[in-house]
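Structural overview
Each chain is listed here by its residues.
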Amino acid sequence: MAKHVDYYVSLNSPWTYLASKRFEAMAQKHKASVTIWPVDFGSVFSVSGGLPLPKRSPQRQAYRMMELKRWRDHLGIKLTLEPKFFPADEVPAARCVIALREQGRMADAIKLAHAVLNALWTEEKNTGDPATLKAIIAGCGLDAEAVMKAGAAPETATKREEYTKHAIDQGVFGAPFFIIDGERFWGQDRIDFVERKLAS
């Protein structure tokens, strides 16, 4: 029987970007259904013990850069190690993804989330800029005006808060994070275990 995946993402995370296309392909391969949760990881970190990047020790920041380069080269995925607009304001994009999700357009929501990550980490675009975000949405074949309007609605902001609380309640503490049948998987380097679970 096909499985369901709860997929928790940050639209600023290079690790979510590195996992994005691989996860999308394996979910399709195993006919898994997916629910995407774009959450506020600043709020998640405040209760999980994590630290935002600028507050991490120099040793951890340096190691992060080494790991990004290693994984980029290992996977053969294009990735700018220090993109011009990182960290971008991810709130407008996250709210657009949420708006699509709330309309029952899960595939479109995932497509847009992954397009935003690609724009930030490979094209060095300012994904927090409204005009740039609008172009990314249109590039996904979506009605940019309608999606932006839905994303700006007050109820969408409330949904993001609800998603974040739900993530914390589910034990989420980093991105990307996958939950399948109650089993938790954190990080793009655990995605092989995600596939094993989907295949089981």
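The paragraphs below set out a description of the structure included in this document. (Residues numbered from 1 in each chain as written. Predicted model: local features only at pLDDT ≥ 70, side-chain atom pairs only at ≥ 80, totals over all residues. Heavy atoms only, no water.)

Looking at the overall build of the chain
A count of helical and extended segments in the chain gives 9 helices and 4 strands. Reading the helices (α) and strands (β) of the chain from amino to carboxyl end gives β-α-β-α-α-α-α-α-α-α-β-β-α. The globule rule puts the C-alpha radius of gyration for 200 residues at 16 Å, and the 16 Å found for the chain is close to it. Based on the C-alpha atoms only, the size of the chain along its principal axes is roughly 45 × 40 × 35 Å. The buried share among the 200 residues of the chain stands at 46%. For the chain, the share of sequence-separated contacts (at least 6 apart) that also reach a separation of at least 24 residues comes to 73%. (Helix = DSSP H or I, 4+ residues; strand = E, 2+ residues; numbered from the N terminus. Rg over C-alpha atoms; globule rule 2.2 N^0.38 Å. Buried < 20%, exposed > 50% of the residue type's maximum accessible area, 1.4 Å probe, protein only. Contact = heavy atoms within 4.5 Å.)

Some remarks on helix 7 (residues 144–152)
When we look at burial in helix 7, the residues that qualify are Ala 144, Val 147 and Gly 151. Down the axis, helix 7 shows its buried residues gathered within 70° of arc, on one side only. When the buried face of helix 7 is taken as reference, the exposed residues oriented beyond 90 degrees from it are Glu 145, Lys 149 and Ala 152. Check the buried side of helix 7 and you find it contacts helix 4 (91–102), helix 5 (106–121), helix 6 (130–139) and helix 8 (154–169). Residue Asp 143 occupies the N-cap position of helix 7, its side-chain oxygen lying 3.3 Å from the main-chain nitrogen of Glu 145. (Arc of directions from axis to C-beta. Polar contact = N/O pair within 3.5 Å; in protein donor to acceptor, adjacent residues only side chain to side chain.)

A look at the packing of helix 1 (residues 14–29) against helix 9 (residues 191–199)
Put simply, helix 1 and helix 9 touch, their axes get as near as 10 Å, and they point 10° apart. Considering their axes alone, helix 1 and helix 9 lie roughly parallel with respect to each other. Across the interface between the two elements, Ala 19, Arg 22, Phe 23, Met 26, Ala 27 and Lys 29 from helix 1 touch Ile 191, Val 194, Glu 195 and Leu 198 from helix 9. For the contact of helix 1 with helix 9, the class distribution of residues is 7 nonpolar, no polar and 3 charged. (Axes fitted to C-alpha atoms, helices over the stretch in contact; angles between N-to-C directions. Parallel < 35°, antiparallel > 145°, perpendicular 65-115°, else oblique. Nonpolar A, V, L, I, M, F, W, Y, C, P; charged D, E, K, R; others polar.)

Here we look at the pattern of salt bridges
A side chain with one charge may pair with a side chain of the opposite charge, provided their charged atoms come close. Within this structure, the stated rule accounts for 16 salt bridges. Its salt-bridge partner being Glu 24, residue Lys 21 comes within 3.8 Å of it at the nearest N-O pair. Pair noted here: Lys 21 and Glu 24 are both in helix 1, with a separation of 3 residues, about one helical turn. Two residues, Arg 160 and Glu 90, come together in a salt bridge whose shortest N-O distance is 3.9 Å. Here Glu 90 lies in the loop between helix 3 (58–75) and helix 4 and Arg 160 lies in helix 8, a separation of 70 residues in the sequence. (Salt bridge = Lys/Arg side-chain N within 4 Å of Asp/Glu carboxyl O.)

Observations regarding the environment of Phe 86
Mapped onto the elements, Phe 86 comes out in the loop between helix 3 and helix 4. Judged by relative accessible area, which is 26%, Phe 86 ranks as partly exposed. In this structure the C-alpha to C-alpha distance between Phe 86 and Pro 130, which are 44 residues apart in sequence, comes to 16 Å. Ignoring anything within four residues of it in the chain, the contact list for Phe 86 reads Asn 12, Leu 53, Arg 64, Leu 120 and Trp 121.

What to know about the pairing of strand 2 (residues 33–38)
For strand 2, a buried count of 5 out of 6 residues is recorded, marking the element as mostly surrounded by other parts of the structure. The pairing of strand 1 (residues 4–9) with strand 2 spans 6 bridges and is parallel. Within the sheet, the bridge partner assigned to Asp 6 lies in strand 2 and is Thr 35. A crossover connection joins strand 1 to the parallel strand 2 through helix 1; in handedness this β-α-β unit is right-handed. (Pairing = 2+ DSSP bridges. Right-handed = clockwise from strand over helix to strand, strands pointing away.)

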